[in-house]
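Single-letter residue listing:
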Protein chains: 2
Amino acid sequence: MKKVGNQTYELESNVTIVCGVSLVGGKEGQGPLKAYFDFVEKDDKMGEKTFEKGERKMFFKTISSCIKKAGMKNQDIDLYVGGDLMNQLVSSNYTASELEIPFLGLYNACATMAESYIIGSVFLETNGMKNVVCATGSHFSTAERQYRYPLEFGNQRQSYAQWTVTGVGASVLSTTKSASVTVKRFAIGKVTDFGISDIANMGAAMAPSAMETLVAFFEDTKTTEKDYDLIATGDLGKLGSDILKDLMLKKGFDLESNYIDCGHMIYNIDQGTIQGGSGAGCSASVFNSYILKKLQLGEFRKVLLISTGALMSTTTNQQGDTIPCIAHLVEMEGKKC
Amino acid sequence: MKKVGNQTYELESNVTIVCGVSLVGGKEGQGPLKAYFDFVEKDDKMGEKTFEKGERKMFFKTISSCIKKAGMKNQDIDLYVGGDLMNQLVSSNYTASELEIPFLGLYNACATMAESYIIGSVFLETNGMKNVVCATGSHFSTAERQYRYPLEFGNQRQSYAQWTVTGVGASVLSTTKSASVTVKRFAIGKVTDFGISDIANMGAAMAPSAMETLVAFFEDTKTTEKDYDLIATGDLGKLGSDILKDLMLKKGFDLESNYIDCGHMIYNIDQGTIQGGSGAGCSASVFNSYILKKLQLGEFRKVLLISTGALMSTTTNQQGDTIPCIAHLVEMEGKKC
């Protein structure tokens, strides 16, 4: 691995994304990306008694399917790396207990998918490991009642609010199995805090973090937005991605033509999600469906995924703290068609 | 990096532990290890209004001092890797925001210190990074009121309960700065669940995990307990470490002469902590004081640190789930005297 500039690293091994699997809830399955998801689950409890137990089952189904799709068995996987939004990452912990694969738990809120690709790739880069499974996800009903209000309360939502995606995404990364999509470079984000303290206004809190990581990556690699077919942020939503576009323009980069936000594109405008999707499952499910498939088909060749995370808790919010945020960037490349 | 057996990896680069810093609260500072800690803080709010804000300040002080002790500045550190017990790792997040070092957040409960050494070492192994800071910690008052009862409630403690350590430990790992202690091998744990559901009985819940990782490491490396000067578990406490000794004996390994538990040794028997210490800060502060100093002095040469984590949350506990646990092992070596 080679350090490029200040925050960027270039992999020297051929780390492939063998395959990806995405699973979403019923609402996400009615959105514009419905044709791309592997599983749409209408029962968001997955037959369990609680949403939390249902979320766990979604993780297990997604990861198991992904390992199977890669033509592997659990014992072929050296490492399961990932996390989720539940306190103490319990969805991932219980899934790891079922899978019986060595596990490293990660938490960078909704930036965890990119974090897991970074750590998974680095373990593969050393040649000590052959196959790693990366996975994250989130669930509207478990996140909403943990971070904000009881579901039964039915509070009115702010005009700048987003909707936590019910969804899980998983990928098998490998240095031994060939595939058309590879991980090339990544940039590790710094935690930044721009003083937003309203936990419903996450797009505005996270946009400056996305800007900082993206600008650091462009400076480190001496590239611009024009060098990539697609630049995708994780879950800034409509408002947050508009802020990012403004901020980037001030830095001299124009995101008008090749930029999307996973949260902005996962729902239709008439689905009542206001600014769009959020949650660790947002970039995880959109990358492992729409983006990965288009990379595999050669429709995109060079893609930057910037997963964005708001790192607050209910305790910090109640104690009047502002929201620290982070964004990690991963560059993926498909084969030339 | 070379894979050895099923779960163990051997580093091929010379990853040194340049230095370690430990900070503890007043109670820990009255225990048998008081002479070894770098900082003993009598005010467990560190002059702040809340325990949570105090915990954050403890993290910042420990990590900043560690970077300074290594003869470095923040910009010399490529990566800050670690976590804590607070929901969403907020102590680490706010610290990362102050430090302005690229950050990857980890959570494996009280196994997070070993997890951070593993991930930090692997990033260094690729030669892309030169210096990494690893840190974890915990705080009695923040953990107790988040995981169990309000402090004001003053509940009676069970005979098998442990006491969350107020303490933080940090180390700078490097491939460019020479030091007498190096990271040699590590084993990544699997999540195991042996059916314990009482969240006060964590030693019993975690002991089988420690056993599984330790036995996997011995089998992978074809070594036994006799090949090491010290085998230290993180926070099994007196009861949990007795269970581990029994379990290991059944597997043919005798831990009677060279085994300690950081939780068992951090308090005196008359300090009212019942089975001893627990928490992510337990193995972090004891390793970065007593153990590291004895490695540096040549009193120990080969040491196995097995940090142990109980991966439950209040939600899983309230929903009747059992406690999944994990243990990660790191082998450190000091120079021959």
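Located above this text is the structure these notes cover.
Residues numbered from 1 in each chain as written. Chains lettered and ligands numbered in written order. Predicted model: local features only at pLDDT ≥ 70, side-chain atom pairs only at ≥ 80, totals over all residues. Heavy atoms only, no water.

Asks: Kindly report on the nonpolar core, identifying the contributing residues and their values.
Replies: Membership of the largest hydrophobic core comes to 102 residues, with the highest contact counts inside it found for A:Phe123, A:Ile291, B:Phe123 and B:Ile291. Core analysis: the second largest hydrophobic core is formed by 70 residues, A:Ile101, B:Ile67, B:Leu89 and B:Val191 among them. (Core = buried A, V, L, I, M, F, W, Y, C linked by side-chain atoms within 4.5 Å. Buried < 20%, exposed > 50% of the residue type's maximum accessible area, 1.4 Å probe, protein only.)

Asks: Got a sec to walk through the state of the cysteines? Specific residues and values, please.
Replies: Taken as a whole, this structure holds zero disulfides over all chains when the rule is applied. In this structure A:Cys19 is not part of a disulfide, and its nearest cysteine sulfur, from A:Cys66, lies 3.9 Å away. (Disulfide = S-S within 2.5 Å.)

Asks: Any details on the pairing of strand 6 (residues 131-138) of chain B? Residues and values, ideally.
Replies: All names here are of chain B. Counted residue by residue, strand 6 has eight buried out of eight residues, so it is predominantly covered. In strand 6, alternate side chains face the same way, and those of Asn131, Val133, Ala135 and Gly137 on one face and Val132, Cys134, Thr136 and Ser138 on the other are all buried. In this sheet, strand 6 lies alongside strand 4 (residues 79-84) in parallel orientation, the contact comprising six bridges. Bridge pairing in strand 6 links Gly83 to Thr136. (Helix = DSSP H or I, 4+ residues; strand = E, 2+ residues; numbered from the N terminus. Pairing = 2+ DSSP bridges.)

Asks: Could you give an account of the interface of chain B and chain A, with specific residues and numbers?
Replies: A common measure of how large an interface is: the accessible area buried when the components associate. Contacts between the two partners involve 58 residues from chain B, matched on the other side by 58 residues from chain A. Overall, the association of chain B and chain A removes approximately 4,600 Å² of surface from exposure, summing both partners, and the carbon and sulfur fraction of that is 58%. Sorting the residues of chain B by area buried against chain A places B:Gln88, B:Tyr94 and B:Gln319 first, and these three jointly supply 14% of that buried surface. Seen at the junction of chain B and chain A, the total is six salt bridges. A salt bridge links B:Lys53 to A:Asp321; the shortest N-O distance between them is 2.9 Å. Element by element, the count of residues in the side of chain B that touches chain A is highest for helix 3 (residues 112-125) of chain B, at six residues. Its residues placed into classes, the side of chain B that touches chain A shows 27 nonpolar, 19 polar and 12 charged. (Contact = heavy atoms within 4.5 Å. Buried area = accessible area lost by both parts, 1.4 Å probe. Salt bridge = Lys/Arg side-chain N within 4 Å of Asp/Glu carboxyl O. Nonpolar A, V, L, I, M, F, W, Y, C, P; charged D, E, K, R; others polar.)

Asks: An account of the pattern of salt bridges is requested, with residue identities and associated values reported.
Replies: Within the structure shown, the criterion is met by 32 salt bridges over all chains. A salt bridge links A:Arg157 to A:Glu144, with the shortest nitrogen-to-oxygen separation between them at 3.6 Å. On the criterion of sequence distance, the pair formed by A:Arg157 in the loop between helix 4 (140-147) and strand 7 (163-164) and A:Glu144 in helix 4 is long-range, its members being 13 residues apart. When its relative accessible area of 22% is taken as the criterion, A:Arg157 is described as partly exposed. According to the relative accessible area criterion, A:Glu144 is buried, its value standing at 7%. Close ionic contact of B:Glu333 with B:Arg301 constitutes a salt bridge, the shortest N to O distance being 3.3 Å. One end of the pair, B:Glu333, is in strand 14 (residues 325-334); the other, B:Arg301, is in the loop between helix 8 (280-296) and strand 13 (302-310), and 32 residues separate them in sequence. B:Arg301 gets classed as partly exposed once you look at its relative accessible area, which sits at 28%. Counted as one network, the salt bridges with shared partners bring together A:Lys238, A:Asp242, A:Lys245 and A:Glu256.

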